Amino acid sequence: TPFAQTHCMFTDITELRAEKQRTSHLNILLQTLIEIHRLIDQNQERPELMQKCCEIMVTNRGYSSAWIILLNANDKIETTAESGLLHNLDQLELQINQGNPPPCNRAGRTYPVHVSTYKHCRFCGKCPTDTKDPRKGVMCAPLVYGATG
């Protein structure tokens, strides 16, 4: 019997696949930012603008949920808007109005141009909206109007 020779070659594409998913996610986020910029250019009333921004962030699938709060000069909630899978927002609003915002909110307000991103299980344990989903992360960024830097 003749000897049959076989060659096999394997390539690990795990990193390539992860990079492709990340690029896809970033493209979705970029499209979301473009839509929000267009919305802002329409000069809508503040509550309507906040609500539509949250809806865009969720419908474009960049985020599973979005929440925007507008604080007054005393750091009490003036207006909120939300969309998506948020839980226990009433408890979170109470916590903020009592002067005890969650760590992501405090960190996001530390610097006027600072954006905080955290792995869910590391940073959100005391937040009433915590769902214990290890795949989720949190982004907290201040939206500052008319600030000088």
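Here, the structure is the one placed above.
This structure is a prediction, so every number in the text was calculated from the model and none was measured.

1. A few points about unusual backbone geometry
Although it is not a glycine, Asp75 sits at a positive phi angle of roughly 60 degrees. Positionally, Asp75 belongs in the loop between β1 (65-71) and β2 (77-84).

2. Concerning the pattern of salt bridges
Taken as a whole and assessed by the stated rule, the structure comprises two salt bridges. The shortest N-O distance in the salt bridge between Lys52 and Glu48 comes to 3.0 Å. A residue pair is termed a helical-turn pair when its members lie 3 or 4 positions apart in one helix, as Lys52 and Glu48 do in helix α2 (residues 46-59) at four residues. Classification of Lys52 by relative accessible area gives partly exposed; the value is 31%.

3. Section: the pairing of β1
Two strands pair when backbone bridges link them, and β1 and β2 are joined in this way by seven bridges, in the antiparallel orientation. What sits directly across from Ala66, in β2, is Ser83. With antiparallel pairing between neighbouring strands as the criterion, β1 and β2 make up a hairpin whose turn holds five residues, including Asp75 at a positive phi of roughly 60 degrees.

What counts as what
Residues numbered from 1 in each chain as written. Predicted model: local features only at pLDDT ≥ 70, side-chain atom pairs only at ≥ 80, totals over all residues. Heavy atoms only, no water. Helix = DSSP H or I, 4+ residues; strand = E, 2+ residues; numbered from the N terminus. Salt bridge = Lys/Arg side-chain N within 4 Å of Asp/Glu carboxyl O. Buried < 20%, exposed > 50% of the residue type's maximum accessible area, 1.4 Å probe, protein only. Pairing = 2+ DSSP bridges.

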